[in-house]
Every structure is written in structure tokens, then in C-alpha cells.
Amino acid sequence: MIKFIATDMDGTLLNSNNEIHADFYPMFQSLKEKDIIFAAASGRQYYNLLERFKDIKDDMMFIAENGTFVVYKGKEIIVNSLKKNIAKELIKIGRTIPNSYVILCGKTSAYIESHDERLVKQTAKYYERYKIVEDLTVVDDDILKVTICDFDGAENNSNKYFNDYRDKVQVTVSGKIWLDMVAKGINKGMAINEIQELLNIDYKETMVFGDYLNDLEMMESAYYSYAMANAHDTLKKVARFMAKSNDENGVVQAIKNYVL
């Protein structure tokens, strides 16, 4: 019996137009009636997720910023911060990468130090709360994540700039133009493991959905691990099951077929 379901957002629950299918909401109510916990597990900011699910926010879980910040029914249950001295070092390296920008992800807001229209547009898409500041290294906030918005492609460009930091932080390619760095050992899968322990939920009572490399560890946290048809090839090799693509409402269809 499934007790807990977690799904990535972009490329997974959301279609290519950044939309949630209308069938999701009746499905969510059915899960609620069965006391099955539903979580959005994303690299997105908590406040961004809160806005996307504002009508049902009090009945679901949010695993935000790639597992660094977890809120359930309005209560913080996990906070995995990044040391500020490490964050400052990552920011300084990020500033040197051509055609890339640093986003500093704090607990209360995200921060950028450029007015570049491309960056502002991408930041506004994933961060409900953000500020443009003069210097990211002096921001006063609990730091959850340092993100690189890399318009030349994160996997083959900015990813290589942080090779010397892989023993200090978790470096993850989380999208075509996104590179995320969080505290060492922290990821969506680790967050789910912590949730399972806190709520006494078993690996075989857990279902997860994902499409990209920041979902790899999440696939290992559940027996019912689903890669989307549109997923990165590496993720498909790790997942146990396959769901239809995000543009075919794959998450909702799989839940309807195998849970409801």
C-alpha cells in the first residue's frame, strides 16, 4: 500500500507550457481521502511551490530547493543549510563563468546581483520571492543553495568549474541551464529518507516521479520509482518503472492506474 508520493515539478508534473493538468486536483482529493501524503519535490523555491498549490497548500508537503527545505502542513520539518563561508567561495567562482549568473537561495528569499533580463525572467519563474542586491557575499539569510543559471548549458559548462568542491558540497545538474550546490550529502532522496523516518513510512510504501539528474537519489529512495518518458537517459537507467511523458500527464495517469 502506498502511503507517500513525491513528484518533481518541471518536466514531470508540469507540462512543457508550465501547466498542471486539470485532472491533478480530483486525483489529489482522492489521495487525501486515502490519507496518502502528496509532496512536490523540486529545485524550486518553497514560496514558488506554495503559490502554485495555494488552494491545497495546507494538505500537502513541499520538498523545496532540492531537499534542503521541507514543509508539511505549514510546519518546517527539515532545514539543511549551506555554510556561509562555502557559499561565498561558490559565489566567487560562479562570477567568473561566462554567460552565467549566480542565484543565492536563502530561506526567506532568493538573491541575484544582475539586472540582465534573461536572468530576471528565469529567476521570477522559479522564485516567488527574490531581490536584486549589490553583493551576494554579504546577504544576511540562512543559505539553502547556490545556483548557477548557465545560458551555455550547465552539464557541459559550469559543472566543470566546481570539481574541486565536490568533496565539500553536493553539485547537481538540475536542468539544461541549472547547476545547484547544496550541503554535502543533501538531495531530494536524502530528504525523502528523513521524511520516511520521521513519519514511519517504508521504502516500499513510497512512490516517486522525476525526469532529470537532480532526481537520481530520489529514484533510490522508493521502490515505486518512475522516470518520465521524456527523462534524461541516466535517470531512466536508475528508475524501476516508466511513466508517460510530462506532456501526456504521466504522473497523474500512473497514480490513477497503480494507486487509485
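Everything below is about the structure shown above.
Now for a quick tour of the structure. This structure is a prediction, so every number in the text was calculated from the model and none was measured. (Residues numbered from 1 in each chain as written. Predicted model: local features only at pLDDT ≥ 70, side-chain atom pairs only at ≥ 80, totals over all residues. Heavy atoms only, no water.)

### Some details on empty space enclosed by the protein
The condition is simple: Buriedness for pockets is judged along seven lines, at least five of which must meet protein on both sides within 12 Å for an open set on the 1 Å grid over protein atoms alone, while cavities are sets there where a 1.4 Å probe fits but cannot get out, and lining residues have an atom within 4 Å of a point. Grid points are joined across faces, edges and corners, and a volume is the space filled by probe spheres set on the points. Counting from the N terminus, the helices are the DSSP runs of H or I reaching at least four residues and the strands are the DSSP runs of E reaching at least two. For this classification, the nonpolar set comprises Ala, Val, Leu, Ile, Met, Phe, Trp, Tyr, Cys and Pro, the charged set comprises Asp, Glu, Lys and Arg, and every other residue, Gly included, is treated as polar.
As enumerated under the stated definition, the model contains two cavities of 30 Å³ or more in all. In this structure, the largest cavity encloses a volume near 60 Å³. Around the largest cavity sit Asn66, Gln170, Thr172, Asp180, Val182, Ile186, Asn187, Lys188, Asn214 and Glu217, which together line it. Elements supplying a minimum of two residues to the lining of the largest cavity: strand 10 (169-175) and strand 11 (178-183). Broken down by class, the residue content of the lining of the largest cavity amounts to two nonpolar, five polar and three charged. When its volume is computed, the second largest cavity comes out at roughly 40 Å³.

### Quick look at the sheet that holds strand 4 (residues 69-72)
The line we're drawing: By this definition, two strands are paired if DSSP reports at least two bridges between them. For helices, the fitted line uses only the C-alpha atoms of the stretch in contact; every axis is such a line through C-alpha atoms, and the angle between N-to-C directions lies from 0 to 180 degrees. Whether two residues are in contact is decided by their heavy atoms: any pair within 4.5 Å suffices.
Strand order in the open sheet made by the eight strands is 5-4-3-2-1-12-13-14, with mixed pairing throughout. Every other strand in the sheet has two partners, leaving strand 5 (75-79) and strand 14 (241-243) as the edge strands with one partner each. Between one strand axis and the next, the sheet turns by 20° as a mean value, whatever way the strands run. Two strands pair when backbone bridges link them, and strand 12 (residues 206-210) and strand 13 (residues 224-228) are joined in this way by four bridges, in the parallel orientation. The partner of Val208 across the bridge, within strand 13, is Ser225. Against the sheet, helix 6 (residues 188-199) makes contact with strand 1 (4-7), strand 2 (37-41), strand 3 (61-64), strand 4, strand 5 and strand 12, and its axis sits at roughly 125° relative to strand 5, the strand it touches most.

### Description of the environment of Met1
Inclusion rule: The buried label applies to any residue whose accessible area, calculated with a 1.4 Å probe on protein chains only, is under 20% of its type's maximum; exposed applies above 50%, and partly exposed to all values in between.
Here Met1 is to be found in the segment before strand 1. Of the residues examined, Met1 reaches a relative accessible area of 75% and is grouped as exposed. If we skip the residues at most four places from it in the chain, Met1 touches Lys34, Lys204 and Glu205.

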